[in-house]
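# Close look at the chain arrangement
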Amino acid sequence: MTRLGEYLAKKSVNKSMIARKTGLSKARINELTMTDTSKLRLDEMYLIALAIDTNPCDMMNVLCEGLALQEEI
């Protein structure tokens, strides 16, 4: 399960509802939540955040937790 999948599971949201509200296909939602190699586009993340009544910035902070710039040598 991807970070997005874990995030949505914690929020107990229905993926079919997200697909209906965002216009993303159920297959795409499943790919984004189950396939570690899938890439979440910014527009998709924004629509998903709106569909689950979440601040997109807060959602991005959770999904990107642990990312950091490389230290300069």
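Scroll up for the structure.
These figures come from a predicted structure and were not determined experimentally.

Angle between the axes and distance between the axes: these two values describe a pair of packed helices. With their axes 9 Å apart at the nearest point, helix α4 (residues 42-51) and helix α5 (residues 56-63) run at an angle of 120° to one another. As α4 packs across α5, the resulting crossing turns out to be right-handed. In this structure, α4 contributes Met-45, Tyr-46, Ile-48 and Ala-49 to the contact, and α5 contributes Pro-56, Met-59, Met-60 and Leu-63. Of the residues in the contact of α4 with α5, the class split is eight nonpolar, no polar and no charged.

Before going further, it helps to spend a moment on α4. Within the span of α4, buried status applies to Glu-44, Met-45, Ile-48, Ala-49 and Ala-51. Buried residues of α4, seen end-on, are gathered within an arc of 160° and therefore sit on one face of the element. In the stretch just after α4, Asp-53 is the one whose phi turns positive, near 55°.

Bringing the nonpolar core into the picture now. Within the largest apolar cluster, 15 residues are counted, with the highest numbers of intra-cluster contacts made by Leu-4, Leu-8, Ile-18, Ile-48 and Met-59. Mapped onto this core, the elements with two or more residues apiece are α1 (3-11), α2 (15-22), α3 (26-34), α4 and α5.

Looking now at the pattern of salt bridges. The tally for this structure, following the rule as stated, stands at four salt bridges. Arg-28 is paired through a salt bridge with Glu-31; the nearest N and O atoms lie 3.3 Å apart. Separated by three residues within a single helix, Arg-28 and Glu-31 lie in helix α3, roughly one turn from each other. You can call Arg-28 buried: its relative accessible area is 18%. The residue Arg-28 makes a salt bridge to Glu-44 at a minimum N-O spacing of 2.8 Å. One end of the pair, Arg-28, is in helix α3; the other, Glu-44, is in helix α4, with 16 residues separating them in the sequence. No difference in accessibility class separates Arg-28 from Glu-44, as the two residues are buried. Through salt bridges with shared partners, a single ionic network connects Arg-28, Glu-31, Arg-41, Asp-43 and Glu-44.

For the rest of this paragraph, the subject is α1. Within α1, the full set of buried residues consists of Leu-4, Gly-5, Tyr-7 and Leu-8. Seen from one end, α1 has its buried residues packed into an arc of 160°, which puts them on one side. Of the residues flanking the end of α1, it is Ser-12, one or two places downstream, whose phi is positive at about 55°.

The rules behind the values
Residues numbered from 1 in each chain as written. Predicted model: local features only at pLDDT ≥ 70, side-chain atom pairs only at ≥ 80, totals over all residues. Heavy atoms only, no water. Axes fitted to C-alpha atoms, helices over the stretch in contact; angles between N-to-C directions. Helix = DSSP H or I, 4+ residues; strand = E, 2+ residues; numbered from the N terminus. Left-handed = near helix turned anticlockwise from the far one by under 90°. Contact = heavy atoms within 4.5 Å. Nonpolar A, V, L, I, M, F, W, Y, C, P; charged D, E, K, R; others polar. Buried < 20%, exposed > 50% of the residue type's maximum accessible area, 1.4 Å probe, protein only. Arc of directions from axis to C-beta. Core = buried A, V, L, I, M, F, W, Y, C linked by side-chain atoms within 4.5 Å. Salt bridge = Lys/Arg side-chain N within 4 Å of Asp/Glu carboxyl O.

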